[in-house]
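Below are the chains, spelled out letter by letter.
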Amino acid sequence: MRLSAMGDVAMTVPVLRTFVKQYPEVKITVISRPFFKPFFDGIPNLDFFAFDEKERHKGFSGLLKLFRDVKKLKIDAFADLHNVLRSKIVSLLFALSGKKRATVDKGREGKKELTRSENKVFRQLPTMFERHAKVFEELGFPLDLSNPSFPEKAKLSSDILEIIGNQNQKLIGIAPFAQYDSKVYPQDLMQEVIAKLADNKDNKILLFGGGKKEIEILDSLSKPFENVINIAGKIKFQQELQLISNLDLMLSMDSGNAHIAAMSGVKVITLWGATHPFAGFLPFNQNIENALVSDRNQYPKLPTSVYGNKIVEGYEDAMRSISPDEIVNSIQSQLD
């Protein structure tokens, strides 16, 4: 399997957990960048093969090496859960060598209909989890995703406990960033959300992000409050995954953090700007009511994009139609 961005990879995890539970006699090898290996730690009958995109597996000749490297593992079938040029080439090589293969259908036509301005077809599309399951069904392994199992909460290291302190409070994670600005809740309104949550001393709010600029913003968001902690830059990625698995709830944009929390069985409330859960990216096993979307009466062209990379004039403030009170009430109702 060839995977890419953080959210894409995280979305495969619940499907693979279901697979190994329903087919314990089958061994899986996941091919992805080394950075993503911690996502798959602890899944039985699953090996991880590190894709070396910078050296050994770089370019077309590198893909031939990748094919030969993976072929040595004596695989019987190849599941392409990414459907991009590189994964298609490797998949084709396996097909030419007589192996079964199946490729995820990303439903591009349906997504175009959902996001176009004129003659919009506003309907729920199959989720990415359903699309991934379909790949395995084509290979002869139908999956039932309706009764998922999740790993136990990770044991937190002394490093993490030193940072977060008292664990008797409800742990609320907030990941306020996304790849595109059209998916990011305005900072002044997020400050309001944090202030309202911090007012309840039974809550401890942990802020997630990365990179110098994001860390500076998170520092400013957390500074006024004793029970708000900026986690960014303080712990390693694997420790961050362990901490997220211990959250009572995650508040996230339509971003990778939502899927990381969901793959650990954590409740997730998501905020949607230019994008919409109907495109199929609602986090795994989450209720559609926990996806708070911008007002389509006020902004009828929404969703304007599948990934948030398309700018539509006049829609810059769409997320302001989601009120801080609506977010806080949703969080409290989930915690209660």
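For the structure given in this document, a descriptive report is provided here. Only a predicted model underlies this, so the values are computations on that prediction, with no experimental measurement involved. (Residues numbered from 1 in each chain as written. Predicted model: local features only at pLDDT ≥ 70, side-chain atom pairs only at ≥ 80, totals over all residues. Heavy atoms only, no water.)

## Quick look at the side chain of Asn257
Right, on to step 1. Examined against the element boundaries, Asn257 turns out to sit in helix 10 (residues 256–263).
Right, on to step 2. A residue is classified by how much of its surface remains accessible, and Asn257, at 15% relative accessible area, is buried.
Right, on to step 3. Not counting residues up to four positions away in its chain, the partners in contact with Asn257 are Ala175, Phe208, Ile244, Met250 and Ser252. (Helix = DSSP H or I, 4+ residues; strand = E, 2+ residues; numbered from the N terminus. Buried < 20%, exposed > 50% of the residue type's maximum accessible area, 1.4 Å probe, protein only. Contact = heavy atoms within 4.5 Å.)

## Observations regarding the pairing of strand 4 (residues 100–103)
Right, on to step 1. Pairing of strand 3 (residues 77–80) with strand 4, which is carried by four bridges, proceeds in the parallel orientation. Looking at strand 4, one finds that Ala77 is bridged to Lys100.
Right, on to step 2. Taking the sense of rotation as the criterion, the β-α-β connection linking strand 3, helix 3 (residues 85–96) and strand 4 turns out right-handed. (Pairing = 2+ DSSP bridges. Right-handed = clockwise from strand over helix to strand, strands pointing away.)

## Section: helix 8 (residues 212–222)
Right, on to step 1. Those residues of helix 8 that sit buried are Ile217, Leu218, Leu221 and Ser222. Burial along helix 8 is one-sided: seen end-on, the buried residues are contained in an arc of 130 degrees. Exposed positions of helix 8 whose direction lies more than 90 degrees from the buried face are Lys212 and Lys213.
Right, on to step 2. Residues of helix 8 that are buried in the fold lie against helix 7 (187–198), strand 6 (203–207) and strand 7 (228–230). (Arc of directions from axis to C-beta.)

## Remarks on the environment of Lys21
Right, on to step 1. With respect to the helices, strands and loops of the structure, Lys21 is situated in helix 1 (residues 6–22).
Right, on to step 2. For Lys21, a relative accessible area of 48% translates into the label partly exposed.
Right, on to step 3. With 122 residues separating them along the chain, Lys21 and Leu143 place their C-alpha atoms 9.9 Å apart.
Right, on to step 4. Ignoring sequence-local partners within four residues, the contact set of Lys21 consists of Asn147 and Ser149.

## Points about helix 10
Right, on to step 1. Of all eight residues in helix 10, eight are buried, a share of seventy percent or more.
Right, on to step 2. All buried positions along helix 10 are accounted for by Gly256, Asn257, Ala258, His259, Ile260, Ala261, Ala262 and Met263.
Right, on to step 3. Against the buried residues of helix 10 lie helix 1, helix 5 (128–138), strand 5 (170–175), helix 9 (237–244), strand 8 (249–253) and strand 9 (267–272).
Right, on to step 4. Positive phi shows up at Gly265, right after helix 10, with a value of about 85 degrees.

## Considerations on the pairing of strand 6
Right, on to step 1. When you tally the buried positions in strand 6, you get five out of five residues, the bulk of the element.
Right, on to step 2. Here strand 6 shows a buried face lined by Asn203, Ile205 and Leu207 and a second buried face lined by Lys204 and Leu206.
Right, on to step 3. Relative to strand 6, strand 5 runs parallel, the two being bridged by five bridges. Each residue of the ladder has a partner; that of Gly173, found in strand 6, is Leu206.
Right, on to step 4. With helix 7 bridging strand 5 and the parallel strand 6, this β-α-β connection has right-handed handedness.
Right, on to step 5. Strand direction decides the pairing type here: strand 6 and strand 7, joined by three bridges, are parallel. Residue pairing across strands places Ile205 opposite Val228, the latter belonging to strand 7.
Right, on to step 6. As for the winding sense of the linkage, the β-α-β connection from strand 6 through helix 8 to strand 7 is right-handed.

## Focus on the packing of aromatic side chains
Right, on to step 1. In the structure shown here, the tally under the stated rule is 17 aromatic pairs.
Right, on to step 2. With a centroid separation of 5.2 Å and an interplanar angle of 40 degrees, the aromatic rings of Phe19 and Tyr23 are classed as tilted.
Right, on to step 3. Of the residues examined, Tyr23 reaches a relative accessible area of 15% and is grouped as buried.
Right, on to step 4. With a centroid separation of 5.1 Å and an interplanar angle of 80 degrees, the aromatic rings of Tyr23 and Phe141 are classed as edge-to-face. Of the two residues, Tyr23 sits in the loop between helix 1 and strand 1 (28–32) while Phe141 sits in the loop between helix 5 and helix 6 (158–164), which places them 118 residues apart along the sequence.
Right, on to step 5. Judged by its relative accessible area of 22%, Phe141 falls in the partly exposed class.
Right, on to step 6. Taken together, Phe35, Phe36, Phe39, Phe40, Phe48 and Phe237 form an aromatic cluster joined through their ring pairs. (Phe/Tyr/Trp six-rings, centres within 6.5 Å; stacked < 30°, edge-to-face > 60°.)

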